[in-house]
Each structure stands twice: as C-alpha cells, then as structure tokens.
Amino acid sequence: MAITEIPAGSLDSQQFIAEQVEKIRAEVGSGLAINALSGGVDSSTVTMLGHRALGDRLKTYFIDNALMRQNEPQQVVSTFSSLGVRVELIDAREEFLRALRGITDPEEKREAVTQTFYKHVFGRLVQQGGAKFLLQGTILTDVDETVAGIKRQHNVFEQLGINPQEAFGYQIIEPLIQLRKDGVRKVAQALGLPPSVYARMPFPGPALAARVIGEATRERLELVRKATAITEAALSTTGAFQYMAILHEDRVTGMREGRRQFGYQIEIRCWESTDARTALPMRLPWETLEDLSRRILAELAEVVSVTYHVAPKPPSTMEVV
C-alpha cells in the first residue's frame, strides 16, 4: 500500500498532532502500549504523541545497547523527566554485544541489531508488561531506502512483507510514516519539545554499529564513541544537517615517536541537507579540519589517520554502513 507523503511545506502541525493522537487512542483502545526512546527527534516526537494520547498507558523505555554516544542514556532520561515523562532505562549492553560478535557484513549487522531489539529485548518487555502495541518513529525516508534496497532500516517491516504480530508478538504503530525529517521537526516543535531535541541531528537506528566498518566489538565501539564526542564538539557550530566519525576496518601505516605504528583510520563526514534524500559534503574551513584532526590524533593514541569524505549523496549515503 502506497504511503501518501505530507511535505513539510504543507504540513499543519497542530492538525497533524490532533489526528495522530486520535488514531493512537483508537488503535490502542483500552490496552497498553510501549515505545523505545533514543533521544532522536523521531522517537522523541512519537514519545510525546503517545503520552498525549495514552498518558500512563504508554510505557517508555530507553534501551542501553552499548551502541550509544557518551552519556547518552542518562542525558535522555533526564531531559524527558524534566518534561514530565518517566523513562525506564534498560541495560541490554551485553545482549547486543553478543549478537554482534563475529559479524562484519553491514546488512547482517543491521539485522542482528533489529532482531535483538524487536524480538528479544522488546519481546520480553511486551510479555512482562502486557502491552500489545509498539509505537515507533519510522519516517518516509526509512521506508524509501529500505524498499529500494539501498539500506535496510531497522524499523521497516510491513513494507517488506513482514507481519510484526507474527514475527514479534505485537503490533507496530507508526504515526510519523507520512513525514520526512523536516516535517518531524515541525511537529516536535509544536509538541513543545526543546530545541536540543527538535533541532537535533539524525542518528542511525543501529547507532554506533553503523559507524564501525567491520566487527562492532566493545573496544572498537568505545574508540568510535570517543571520536564521535570529539567530532560533535568540534562541528557543533557549523549548522550542518549531520556530522559523524566513522572507524574504518583495516589498520593503516602510521608513525609515532619515530616508530612505525599500524593504527586505525577515522573518517569524518559532515553533510548539508534538508530531508536526507540528497546531501552535499559541507565545505568546512581547512583550519576546522586541521583542528579536528589534531584533537583526534592527540586524544586517541590508536588512531594514525583522519580523512574527510567529499562524495555527495547519491551515489554515497550519509551513513557508511
């Protein structure tokens, strides 16, 4: 079934909110629903829509999967607590690391994250809490990229012929599926979310596993987590749509203190875009790139090479894996 897009330019945010709140109430009825909050604008918007529709009958969880940015779980829980939304933090780090062990293929990694998240972690939460519905922030770009075979997004099922009720034991509600990122931001702002949420740059569903080329081990995830923190601090004032650090798989030859060192390579990407369908690398000042490279090399002794990505989307994609 084709999805009718609501372009951001013609979106009436308040009308959209009212319609989605009523749809959620009608679908859930007197039952319970759950949702996973990552802190990104999509999941945050769904969380606020769900709580407006269901109140305490929506249970919101943050799944700590060992793939998030530095201090992200605690920061997200604190932000939503200040908005009056209770978020329960679930420690599933070891479960996700086990699921990713030995996997290097990009699609197999995404599938491992998907199955662990939906079937195992959320399967248990559904059974324990008696919920029959999962609210999630799938947007139209997720569907487009998955159906086209460009990249399997972790949150797309029915468009691939997968019945969530049969596969996982619960139904999935997707209030944002007619919108793209710019439209979601308008709705998020209308819901009263702060700029730190509605203007937040995109972050992939598989999280840092999507920014490690090759096996996402505990050690390699920690390295890209540190590189991410440095990169986000350095580029936060650029006004870019999205920026990231990527850890390459092969070690490269470098030199420290007069000796050869086989170290890691970090690739920096920084994008200009409106809705993520197309994007151009931002023309950052050379001094900015030099400073970022110096910081990464100084703070991460395992890294000997820092590069900048200059290919547009398409043919590139914004995330590497």
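In this text, all values refer to a predicted model and were calculated from it rather than measured experimentally.

Chemist: Got a minute to help me understand the packing of helix α1 (residues 13–28) against helix α2 (residues 41–54) in this structure?
Modeler: When two helices pack together, their arrangement is captured by the angle between the axes and the distance separating the axes. Two numbers describe how α1 lies on α2: the axes approach to 9 Å, and their chain directions differ by 60°. Crossing angle aside, the handedness with which α1 passes α2 is right-handed. Contact residues: α1 offers I17, Q20, V21, I24, R25 and V28, while α2 offers L49, G50, R52, A53 and L54. Tallied by class, residues from the contact of α1 with α2 come to seven nonpolar, two polar and two charged.

Chemist: Just to check I follow, could you spell out the pattern of salt bridges for this structure?
Modeler: Note on pairing: side chains with opposite charge can pair once their charged atoms come close. Counted according to the given criterion, the structure contains 15 salt bridges. R180 is paired through a salt bridge with E5; the nearest N and O atoms lie 3.1 Å apart. Taken together, the residues R180 in the loop between β5 (171–173) and α8 (181–190) and E5 in the segment before α1 connect sequence positions 175 residues apart. Residue classification places R180 among the buried positions, given a relative accessible area of 6%. Salt bridges linked by common partners bring R69, E72, R200 and E232 together as one network.

Chemist: Looking at this structure, how should I read the sheet that holds β5?
Modeler: In sheet architecture, strand pairing relies on hydrogen bonds along the backbone and comes in two forms, parallel and antiparallel. Taken together, the five strands give an open sheet; going across it, the order is β3-β2-β1-β4-β5, and neighbouring strands pair in parallel fashion. The two strands at the open ends of the sheet, each matched to only one other strand, are β3 (87–91) and β5. Recorded for the sheet is a direction-independent mean angle of 30° between the axes of neighbouring strands. Alignment of strand β1 (residues 33–36) against strand β4 (residues 133–135), held across three bridges, turns out to be parallel. Pairing of A33 across the sheet is with F133, part of β4. Where α2 meets the sheet, its contacts fall on β1, β2 (58–64) and β4, and the angle it forms with β2 comes to roughly 155°.

Chemist: Is there a simple way to think about the pairing of β1 in this case?
Modeler: Each regular strand shows side chains that alternate between the opposite faces of the sheet. Of the two faces of β1, the one carrying A33 and N35 and the one carrying I34 and A36 are both buried. In this fold, the crossover linking β1 to β2 by way of α2 has right-handed handedness.

Chemist: Got a minute to help me understand the packing of α1 against α8 in this structure?
Modeler: Their axes nearest at 9 Å, the elements α1 and α8 cross at an angle of 80°. One way to sum up the angle between α1 and α8 is to call them roughly perpendicular. From α1, S13, Q14, F16 and I17 reach across to α8, where they touch K186, V187 and A190. Among the residues forming the contact of α1 with α8, the class breakdown is four nonpolar, two polar and one charged.

Chemist: It is not clear to me how the environment of R180 should be interpreted in this structure. Could you clarify?
Modeler: In this structure the C-alpha to C-alpha distance between R180 and S78, which are 102 residues apart in sequence, comes to 27 Å. Setting aside its immediate chain neighbours within four residues, R180 contacts E5, I139, L140, T141, D144, D275 and R277.

Chemist: Just checking my understanding: could you explain unusual backbone geometry for this structure?
Modeler: Among all residues except glycine, the phi angle is most often negative; among peptide bonds, the trans geometry is most common. The linkage connecting K313 with the following residue, P314, adopts the cis geometry, with an omega of -15°. Residue position: P314 is located in the segment after β10 (303–308). Residue P315 follows P314 across a cis peptide bond; omega there is 10°. By secondary structure assignment, the location of P315 is in the segment after β10. Here A66, not a glycine, exhibits a phi torsion of approximately 70°, which is positive. With respect to the helices, strands and loops of the structure, A66 is situated in the loop between β2 and α3 (72–82). Positive phi, normally seen in glycine, also occurs at N71, with a value near 60°. Mapped onto the secondary structure, N71 falls in the loop between β2 and α3. Judged by relative accessible area, which is 52%, N71 ranks as exposed.

Rules behind the numbers
Residues numbered from 1 in each chain as written. Predicted model: local features only at pLDDT ≥ 70, side-chain atom pairs only at ≥ 80, totals over all residues. Heavy atoms only, no water. Axes fitted to C-alpha atoms, helices over the stretch in contact; angles between N-to-C directions. Helix = DSSP H or I, 4+ residues; strand = E, 2+ residues; numbered from the N terminus. Left-handed = near helix turned anticlockwise from the far one by under 90°. Contact = heavy atoms within 4.5 Å. Nonpolar A, V, L, I, M, F, W, Y, C, P; charged D, E, K, R; others polar. Salt bridge = Lys/Arg side-chain N within 4 Å of Asp/Glu carboxyl O. Buried < 20%, exposed > 50% of the residue type's maximum accessible area, 1.4 Å probe, protein only. Pairing = 2+ DSSP bridges. Right-handed = clockwise from strand over helix to strand, strands pointing away. Parallel < 35°, antiparallel > 145°, perpendicular 65-115°, else oblique.

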